[in-house]
Amino acid sequence: MKKVSFANTGIESTPVGLGVLTIGNTQLDLPLEEGAEIVKYAYDKGIRLFDTAQYYQTYPYMREAFKDIDMSEDNPERPIIASKCLESSYEDMEFAIRECLDALNIDKIDIFKLHEVRQDPDWDNRAGAWKCLCDYKEKGIVKAIGVSTHHVDVVEKMSGIPECDIVFPLINYAGLGIRRGSEPATADEMAKAIQMCIDAGKCIFGMKAFGGGNLTDTYMKSLNYVRDLGVHTIMIGCGKKSEIDDLVAYAEGKLPEDYQPDVKFKKIHIDQGDCEGCGTCVERCTSRAIYMTAHGTADVDHDKCLTCGYCAPVCPVRAIIMW
């Protein structure tokens, strides 16, 4: 697979990457060997970019998958690893970086980000963690730093932050999960913010092109929309080898424009780690399949669910996913 240059970071990698969240304990919860096999399969098929996070608890899968691969900087075919941390303080970010290095048995990491930055004052509140990333970049332990976010206003802000190398926004043609402040935002608004960052020389990763699996039935439209915005890579969570095959074929231009995967066995799920218990999906579900659990989060009764997908657009934190 042909590699692309990640703007001014000095990093080159593939135009599609594997999001490792899917195989972890908040979604498929695959056994170690099975999950590692998925990661290694993606590598063997030519994918060289792998996105994870402290919160995902997926480092063991990656360590197992890459145990026989030369991870040194001298190897042009080594996996490029991107991780991120939700914490706010310098000390917690430093712990997260060190934890990642130890867990993956590496001395340096290519990319580390603030995870899921929200509207102000979240950026100011995480100044300590950002300072840590800047310091570790200066030390050469982290090569490029940035943020992941679902918020248009955060992407706009990052266009003016010179230390920010990489912006990882949520973007899909339907606008599922996109926010501005505390309100919903549109795909067009996010697209304009992404262009601001591209104009400022930032590397852009595209997140949730399929809207958490809710747009997989429009496979080519979903990926083409994000690709045509000029992003450097599209990060897709895959839990099956067939999904990796499709993604690689797309990146290599081998899929027909009318390609559509078989989605008839997919079901609606609510990511318990992301759900904030607002109840909006419960109100929207006409079949009364979604309910509030004793833990204050929403869940799905699959005996009642029609897989209509009406619930997904109203979730403010894109916790509603399909697999």
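Before reading further, recall that the structure is shown in the block above.
Predicted model only: the values in this text are computed from it and were never measured.

### Concerning the packing of helix α8 (residues 219-227) against helix α9 (residues 241-251)
With their axes 12 Å apart at the nearest point, α8 and α9 run at an angle of 50° to one another. The orientation of α8 with respect to α9, classified from their angle, is oblique. The two elements α8 and α9 cross, and the hand of that crossing is right-handed. Contact with α8, carried on its side by Tyr 219, Met 220, Leu 223, Asn 224 and Arg 227, involves Asp 246, Leu 247 and Tyr 250 of α9 and no other residues of that element.

### Considerations on the pattern of salt bridges
Counting across every chain of the model gives 21 salt bridges. Between Glu 276 and Arg 118 there is a salt bridge, with the nearest N and O atoms lying 2.9 Å from each other. Of the two residues, Glu 276 is situated in the loop between β13 (268-270) and α10 (280-284) and Arg 118 in the loop between β6 (109-117) and α4 (122-125); the sequence distance between them amounts to 158 residues. Between Arg 180 and Glu 189 there is a salt bridge; the shortest N-O distance is 3.3 Å. Taking the relative accessible area as the measure of exposure, Arg 180 reaches 31% and is therefore partly exposed. Under the relative-accessibility criterion, Glu 189 is labelled partly exposed at 26%. Residues joined in a network through salt bridges with shared partners are Lys 3, Arg 48 and Glu 77.

### Considering the packing of aromatic side chains
For the structure on display, the rule yields eight aromatic pairs. Measuring from ring centre to ring centre gives 5.4 Å for Phe 6 and Phe 205, while their planes differ by 65°; the resulting arrangement is edge-to-face. Here Phe 205 lies in strand β11 (residues 203-207) and Phe 6 lies in the loop between β1 (4-5) and β2 (12-13), a separation of 199 residues in the sequence. As far as burial versus exposure is concerned, Phe 6 and Phe 205 are alike and both buried. One residue, Arg 48, lies across the ring of Tyr 43, its end atom 3.8 Å from the ring centre. Here Lys 139 stacks its cationic end above the ring of Tyr 136, 4.3 Å away from the centre of that ring.

### Structural notes on the pairing of strand β12 (residues 233-237)
The two faces of the sheet receive side chains in turn, since in a regular strand these alternate between them. Burial analysis of β12 places four of its five residues in the buried class, the great majority of the element. In this structure, β11 lies alongside β12, joined through three bridges in parallel fashion. Within β12, the position partnered with Met 207 by the bridge is Met 235. With α8 bridging β11 and the parallel β12, this β-α-β connection has right-handed handedness.

### Some points on the nonpolar core
In terms of nonpolar packing, the biggest core is built from 90 residues, with Phe 50, Phe 112, Trp 130 and Phe 205 touching the most fellow members. Apart from residues no more than four positions distant in its own chain, Phe 112 is found in contact with Ser 83, Lys 84, Cys 85, Met 93, Ala 96, Ile 97, Cys 100, Leu 133, Val 142, Ala 144, Ile 145 and Gly 146. If you look at the next biggest cluster of nonpolar residues, it comprises 17 residues, including Ile 268, Ile 290, Cys 305 and Ile 320.

### Here's the deal with the pairing of strand β8 (residues 166-169)
Side chains Ile 166 and Phe 168 of β8 all project onto a buried face; the interleaved residues Val 167 and Pro 169 project onto the opposite face, where all are buried too. Across four bridges, the pairing between strand β7 (residues 142-149) and β8 is parallel. Within β8, the residue paired with Ser 148 across the bridge is Phe 168. Considered for its hand, the β-α-β crossover made up of β7, helix α6 (residues 152-158) and β8 is right-handed.

Reading the values: the criteria
Residues numbered from 1 in each chain as written. Predicted model: local features only at pLDDT ≥ 70, side-chain atom pairs only at ≥ 80, totals over all residues. Heavy atoms only, no water. Axes fitted to C-alpha atoms, helices over the stretch in contact; angles between N-to-C directions. Helix = DSSP H or I, 4+ residues; strand = E, 2+ residues; numbered from the N terminus. Parallel < 35°, antiparallel > 145°, perpendicular 65-115°, else oblique. Left-handed = near helix turned anticlockwise from the far one by under 90°. Contact = heavy atoms within 4.5 Å. Salt bridge = Lys/Arg side-chain N within 4 Å of Asp/Glu carboxyl O. Buried < 20%, exposed > 50% of the residue type's maximum accessible area, 1.4 Å probe, protein only. Phe/Tyr/Trp six-rings, centres within 6.5 Å; stacked < 30°, edge-to-face > 60°. Lys NZ or Arg CZ within 6 Å of the ring centre and 35° of its normal. Pairing = 2+ DSSP bridges. Right-handed = clockwise from strand over helix to strand, strands pointing away. Core = buried A, V, L, I, M, F, W, Y, C linked by side-chain atoms within 4.5 Å.

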